[in-house]
Amino acid sequence: MCRNIRTLHNFDPPATSEEVQAAALQYVRKVSGFTKPSKANEEAFNRAVHEVAHVTAHLLEDLVTNAPPKDREVEAAKRRARAAERYAA
């Protein structure tokens, strides 16, 4: 999985549309192999990002869990600690 795509489910406050859009963009970039598509592929690329974001938003709305919502700051601190350990010299 692309490291830049973060879990968006079960956070308080819920994921924003900007976070969903960013995850969709990262996904389409990964699948297509394009960071920025050519003019010939731009329309298909942008349409794919829009559609993936739309479906992702519906998925997040429909998912249910009994687990308590995660705190964004705590999860970010965990990611930073894992990164520091992974990239320690």
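Residues numbered from 1 in each chain as written. Predicted model: local features only at pLDDT ≥ 70, side-chain atom pairs only at ≥ 80, totals over all residues. Heavy atoms only, no water.

Trainee: Any chance you could explain the overall build of the protein here in plain terms?
Mentor: Counting secondary structure elements, the protein contains 3 helices and 2 strands. Beginning at the N terminus, the succession of helices and strands in the protein can be written as β-α-α-β-α. For the protein, whose C-alpha radius of gyration is 16 Å, the value lies well above the compact-globule estimate of 12 Å for 89 residues. The dimensions of the protein, computed from C-alpha atoms along their principal axes, are 45 × 40 × 15 Å. By the burial criterion, 17% of the 89 residues in the protein qualify as buried. Of the contacts formed within the protein by residues at least 6 apart in sequence, a portion of 67% connects residues at least 24 apart. For the protein, the computed accessible surface area is about 7000 Å², with 55% contributed by carbon and sulfur atoms. Between the centroid of the 14 positive side chains of the protein and the centroid of its 12 negative side chains there is a distance of 9 Å. (Helix = DSSP H or I, 4+ residues; strand = E, 2+ residues; numbered from the N terminus. Rg over C-alpha atoms; globule rule 2.2 N^0.38 Å. Buried < 20%, exposed > 50% of the residue type's maximum accessible area, 1.4 Å probe, protein only. Contact = heavy atoms within 4.5 Å. Areas by Shrake-Rupley, 256 points an atom, 1.4 Å probe, with all protein chains shown as cover. Lys, Arg positive; Asp, Glu negative; His and termini not counted. Charge placed at Lys NZ, Arg CZ, Asp CG, Glu CD.)

Trainee: I keep staring at the nonpolar core and nothing clicks. Help me out?
Mentor: Note that soluble globular proteins tend to have their nonpolar side chains buried in a common cluster. Within the largest apolar cluster, 8 residues are counted, these being Leu-8, Val-20, Ala-23, Ala-24, Val-28, Phe-45, Val-49 and Ala-53. Listed by contribution, the elements that provide at least two residues to this core are α1 (17-32) and α2 (39-62). For this core, the element with the most residues is α1, which contributes 4 residues. The residues touching Val-49, leaving out its near neighbours within four places in the chain, are Gln-21, Ala-24, Leu-25 and Val-28. (Core = buried A, V, L, I, M, F, W, Y, C linked by side-chain atoms within 4.5 Å.)

Trainee: I keep staring at the environment of Pro-37 and nothing clicks. Help me out?
Mentor: Looking at the secondary structure, you find Pro-37 in the loop between α1 and α2. Each C-alpha atom, one on Pro-37 and one on His-9, is 29 Å from the other, the two residues being 28 residues apart in sequence. Excluding residues that lie within four positions of it along the chain, Pro-37 makes contacts with Glu-42 and Phe-45.

Trainee: Please clarify how the confidence of the model for the protein should be interpreted in this entry.
Mentor: Interpreting fine coordinate detail is not advised for predicted regions of low pLDDT. When pLDDT is averaged along the protein, the result is 92; 94% of the residues meet or exceed 70. Mean pLDDT across the elements of the protein bottoms out in strand β1 (residues 11-12) (90) and peaks in α2 (97). (pLDDT = per-residue confidence, 0-100.)

Trainee: Would you explain the packing of α1 against α2 in this entry?
Mentor: To characterise two packed helices, one gives the angle between the axes of the helices and the distance between these axes. Relative orientation of the contacting elements α1 and α2 amounts to 130°, with a least axis distance of 8 Å. The orientation of α1 with respect to α2, classified from their angle, is oblique. With respect to the hand of their crossing, α1 and α2 are arranged in right-handed fashion. On α2, the residues touching Val-20, Gln-21, Ala-24, Leu-25, Tyr-27, Val-28, Arg-29 and Ser-32 of α1 are Phe-45, Ala-48, Val-49, Val-52, Ala-53, Thr-56, Ala-57 and Leu-60. (Axes fitted to C-alpha atoms, helices over the stretch in contact; angles between N-to-C directions. Parallel < 35°, antiparallel > 145°, perpendicular 65-115°, else oblique. Left-handed = near helix turned anticlockwise from the far one by under 90°.)

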